[in-house]
Each structure stands twice: as C-alpha cells, then as structure tokens.
Amino acid sequence: MRESLVITGCFVAGVLLGRFVAMPEFFTEGGVALYVLYGLMFLVGVSIGRDREILKALRQQSLKIALVPLATILGTFTGTTVVSCVIQGRSLTDCLAVGAGFGYYSLSSVFITQYKGAELGTIALVSNMLRELTALLAAPWLVRFFGKLAPIAVGGATSMDTTLPVVTRYSGKEFVVVSMVHGMTVDFCVPFLVTFFCTI
C-alpha cells in the first residue's frame, strides 16, 4: 500500500514539474524513459533468475496452474473490448494495448507512449496503477464475493510482488505459488502484447 502511494506521489510530482517547471529537452524527448525501461527490464530478469523458489515451485505444480494467467488475460481483453464499445475517441487496439499492461504501469506506459503518444501512455499509467490499487485495497471483498483467485487476477502482473502480501493474507498461503507463477507469466507477456496491439 505504502509503495503504491509513493509511486502515485512520484507520478503527481512529475506531472506538476512538467506543467510548471521548464524541464530540459533531454528529459522530455523520451530517451531517458527508454533507457530507464531497459534498466528496469534487466533488473526484472535478474530478480526472476536468482529466485530459485519460483523455479522450484513451477516444477511441483501441474499444468492447471497455467489456466489462472490465461483466464486473467482473456478476462482483461474481454473487459477492454466492452470498454472500447462504450467510450468514444479510442480504437479497440488502443484499449487492448492499455489493458495488456495488466497492472505493470512502469513498463506498459513507456511502451505505449513510445508507440502511441503521451496521452494514451498517461491513460495506461493511471489505468494500471488503479488496477494495482484495487487489488491492494479491495482484496478482502474480492475474496468474499468472487473467490480466492480474484485478488490474483485483479493484481495481474503485480501478483508476484506488490500485491503478493494481500493475496497471502486474504486468499491464504496455499495460493502464494499460484500468485507468483501467475504474476511471472503475465509479467512476461506484457511487452509482447502491448507492442503487438500498438503496432496493428
């Protein structure tokens, strides 16, 4: 929760700086964001590669565990398709690109900004931040009304890190491995799906 509020605060501070302070072009051209993205992807790879527990847990699970991220991906795309029919001014592929962030706002918003511009990139950032905050704040109600897998699905790519504590608390420790495998799988899909929908 605290981490999400810190990230939200950083985003708001960035908006205020961009609005009221003359920033150097070096920051606003997008080059810095792209290099930060490369560094972020490298660190994500390192964290997954050195976590032997994830690989060990994968070997112990059946193939049924793959149905959870698959359901999350299909459910997200179904929801974004419905949203694209309701809102005006955005194509189906724009909505699918935003949805394909699966809560991974730091990665998806940079990709979308690069391909589609700052406006849609900002929408992706806010949308995916709200997804994570919903998982963090509404986990007990999600479990109560939709079942123990609901916080994992809502958390999307964050279910292996920032939303894992609430999954553990409200869904139970037996869902930790499911949550981690789910988050890792969805996380891996984000750059491919986002760029796919941005380029078609």
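Figured I'd write up the structure that's included with this text. All of these numbers come straight from a predicted model, not from anything done at the bench.

A few words on the pattern of salt bridges. In this structure the tally under the stated criterion is three salt bridges. Across the salt bridge formed by Arg 90 and Asp 94, the nearest N and O atoms sit 3.5 Å from each other. According to the relative accessible area criterion, Arg 90 is partly exposed, its value standing at 24%. Of the charged contacts in the structure, one is a salt bridge between Glu 119 and Arg 90, with a shortest N-O distance of 3.2 Å. With a gap of 29 residues between them, Glu 119 in helix H8 (residues 118-146) and Arg 90 in the loop between helix H5 (67-86) and helix H6 (92-99) connect regions that are remote in the sequence. Linked through salt bridges whose partners overlap, the residues forming this network are Arg 90, Asp 94, Lys 116 and Glu 119.

This paragraph deals with the packing of aromatic side chains. Using the criterion set out here, one finds four aromatic pairs in the structure. Pairing Phe 77 with Phe 197 gives two aromatic rings, centres 5.2 Å apart and planes at 80°, and the pair type is edge-to-face. With Phe 77 in helix H5 and Phe 197 in helix H11 (residues 176-199), this residue pair connects regions lying 120 residues apart in the sequence. No difference in accessibility class separates Phe 77 from Phe 197, as the two residues are buried. Judged by centre distance (5.2 Å) and plane angle (50°), the rings of Phe 188 and Phe 192 are tilted. Linking Phe 188 with Phe 192, this pair stays in helix H11, spanning four residues, or about one helical turn. Residue Phe 192 is classed as exposed on the basis of its relative accessible area of 51%. Here the aromatic residues Phe 77, Phe 102, Phe 196 and Phe 197 are joined through ring pairs into a cluster of three or more.

The grouping of Val 12, Leu 16, Leu 17, Phe 20, Val 21 and Met 23 at the surface amounts to a nonpolar patch, some 540 Å² of accessible area in total. Of the residues examined, Leu 17 reaches a relative accessible area of 41% and is grouped as partly exposed.

The next point concerns the environment of Thr 195. Structurally, Thr 195 is set in helix H11. For the pair Thr 195 and Ala 100, spaced 95 residues apart in sequence, the C-alpha separation works out to 9.2 Å. Among residues more than four places away in sequence, those in contact with Thr 195 are Phe 111 and Tyr 115. Of note is the side chain of Thr 195, whose polar atom sits 2.6 Å from the backbone oxygen of Pro 191.

Our focus in this paragraph is the nonpolar core. Membership of the largest hydrophobic core comes to 19 residues, with the highest contact counts inside it found for Phe 77, Ala 100, Phe 102, Ile 112, Val 190, Val 194 and Phe 197. Going through the elements one at a time, H5, H6, helix H7 (105-116), H8 and H11 are the ones with two or more residues in this core. Counting residues per element, this core draws most heavily on H11, at five residues. Sequence-distant contacts of Phe 77, defined by excluding residues within four places in its chain, comprise Leu 96, Ala 100, Phe 102, Leu 193 and Phe 197. Formed by seven residues, the second largest nonpolar core is a distinct cluster that contains Ile 152, Val 167, Phe 175 and Val 178.

Calculation criteria
Residues numbered from 1 in each chain as written. Predicted model: local features only at pLDDT ≥ 70, side-chain atom pairs only at ≥ 80, totals over all residues. Heavy atoms only, no water. Salt bridge = Lys/Arg side-chain N within 4 Å of Asp/Glu carboxyl O. Buried < 20%, exposed > 50% of the residue type's maximum accessible area, 1.4 Å probe, protein only. Helix = DSSP H or I, 4+ residues; strand = E, 2+ residues; numbered from the N terminus. Phe/Tyr/Trp six-rings, centres within 6.5 Å; stacked < 30°, edge-to-face > 60°. Patch = residues over 30% accessible without salt bridge, like charges linked within 9 Å, V, L, I, M, F, W, Y side chains within 5 Å. Areas by Shrake-Rupley, 256 points an atom, 1.4 Å probe, with all protein chains shown as cover. Contact = heavy atoms within 4.5 Å. Polar contact = N/O pair within 3.5 Å; in protein donor to acceptor, adjacent residues only side chain to side chain. Core = buried A, V, L, I, M, F, W, Y, C linked by side-chain atoms within 4.5 Å.

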